[in-house]
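Residues per chain are reported as follows:
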Amino acid sequence: MIDVVHQISAVRRVVGSRVLEAGEARTVTIGRTYDTTLEDLWEACTDPERIRRWFVPVTIEGDHYQIEGNASGTIQRCDPPKGFSATWEYGGEVSWIELRLTPAEGGTRFELVHIAHADDEKWAQFGPGAVGVGWDMMILGLSLHLSGGMMADPMAWSASDEGRDYVTRSSVAWRDASIAAGTDPDAAREAADRTTAAYTGGGEA
């Protein structure tokens, strides 16, 4: 069994904004401190053989990456073992991700920022949970991997009662982060409800 409450509460979530050359963008930041070294966390996040143990297979050729059945993109900056930035191309849309790894009390701090245009349609419908819940699922897999465990069948687990509970709590956490960032509470709750339904089989994300 996975301690869902602990896994959700161990993560810090922040919703914000940033100005790009193309205009205003929204940011979703997810972070957690792991009891491991900077070098080990970097390897876990960038070595394809390790990534497949806690996420899904990833192919890296030169500066291009492809996540099996998911996004692809171009690595724009790489500064091992401190982090990298890349495009995130999925469903005909382009956004950006930034990974930052820093030494911290108790181990190494993992922080990932997802940046999307302010007029992104999925954000308007689902709020930060549109990508945030997926990142929560990813960070859970990484947490289990770093602690010596693994999820035997992530798809089956996500459809279980425990998996649905995790997704629901993640969606609520992103709702709260959205409200803290200034989103109208009613609008944030409605977006979170749609996000929860989409991830648990009651809607479409």
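Scroll up to find the structure.
A. Molecular detail of the pattern of salt bridges. Within this structure, the stated rule accounts for ten salt bridges. Here Asp186 and Arg189 are joined by a salt bridge, their closest N and O atoms 2.6 Å apart. A residue pair is termed a helical-turn pair when its members lie 3 or 4 positions apart in one helix, as Asp186 and Arg189 do in helix α8 (residues 185-199) at three residues. Residue class for Arg189 comes out partly exposed when judged on its relative accessible area of 36%.

B. Just unusual backbone geometry, in detail. Residue Pro81 follows Pro80 across a cis peptide bond; omega there is 0 degrees. Within the secondary structure layout, Pro81 lies in the loop between β5 (72-79) and β6 (83-90).

C. Focus on the packing of aromatic side chains. For the structure on display, the rule yields five aromatic pairs. Look at Tyr34 and Phe110: their rings are 6.3 Å apart centre to centre, the planes differ by 80 degrees, and that puts the pair in the edge-to-face class. You can see Tyr34 sitting in strand β2 (residues 23-34) and its partner Phe110 sitting in strand β8 (residues 107-117), a full 76 residues away along the chain. Like Tyr34, the residue Phe110 is buried in the burial classification.

D. Quick peek at the sheet that holds β2. In space, the eight strands of this open sheet follow the order β1-β2-β8-β7-β6-β5-β4-β3, with antiparallel pairing throughout. Every interior strand has two partners, whereas the edge strands, β1 (12-20) and β3 (58-61), have only one. Each neighbouring strand pair of the sheet contributes to a mean axis angle of 25 degrees, computed without reference to strand direction. Sheet topology places β1 next to β2; nine bridges connect them, and they run antiparallel. Bridging across to β2, Arg13 finds its partner in Ile30. Along the sheet face, helix α5 (residues 129-146) touches β1, β2, β6, β7 (93-104) and β8 and points at about 20 degrees away from the line of β2.

E. How the structure looks around the side chain of Ser143. Tracing the chain through its elements places Ser143 in helix α5. When its relative accessible area of 7% is taken as the criterion, Ser143 is described as buried. Discounting residues that sit within four places of it in the chain, Ser143 has contacts with Gln7, Arg32 and Tyr34.

F. Looking closely at the nonpolar core. The biggest cluster of nonpolar side chains holds 41 residues, and the ones touching the most others in it are Phe110 and Leu142. No other element matches α5, which puts seven residues into this core.

Criteria and thresholds
- The residue numbers shown here count from 1 along each chain, following its written sequence.
- Predicted model: local features are reported for residues with pLDDT of at least 70 only, side-chain atom pairs are reported and counted for 80 or more only, and whole-chain, interface and lining totals are derived from all residues.
- With hydrogens and water excluded, all non-hydrogen atoms of the structure serve as input to the side-chain values.
- We define a salt bridge as a side-chain nitrogen of Lys or Arg found within 4 Å of a carboxyl oxygen belonging to Asp or Glu.
- Segments assigned H or I by DSSP are reported as helices when at least four residues long, segments assigned E as strands when at least two residues long, and all are numbered from the N terminus.
- Each residue is assigned to one of three classes by its accessible area relative to the maximum for its type, calculated with a 1.4 Å probe on protein chains only: buried under 20%, partly exposed between the two thresholds, exposed over 50%.
- Within 6.5 Å between ring centres, the rings of Phe, Tyr and Trp (the latter by its six-membered ring) count as paired, and their orientation is classed by plane angle as stacked under 30 degrees, edge-to-face over 60, tilted in between.
- For two strands to be treated as a pair, DSSP must find no fewer than two bridges joining them.
- In this analysis an axis means a line fitted to C-alpha atoms, helices contributing only their contacting stretch, and an angle means the value between N-to-C directions, from 0 to 180 degrees.
- The criterion used for residue contact is that any of the two residues' heavy atoms lie within 4.5 Å.
- Only buried Ala, Val, Leu, Ile, Met, Phe, Trp, Tyr and Cys residues count toward a nonpolar core, and they belong to the same one when joined by side-chain atoms within 4.5 Å.

The values are spatial; any link to function lies outside them.
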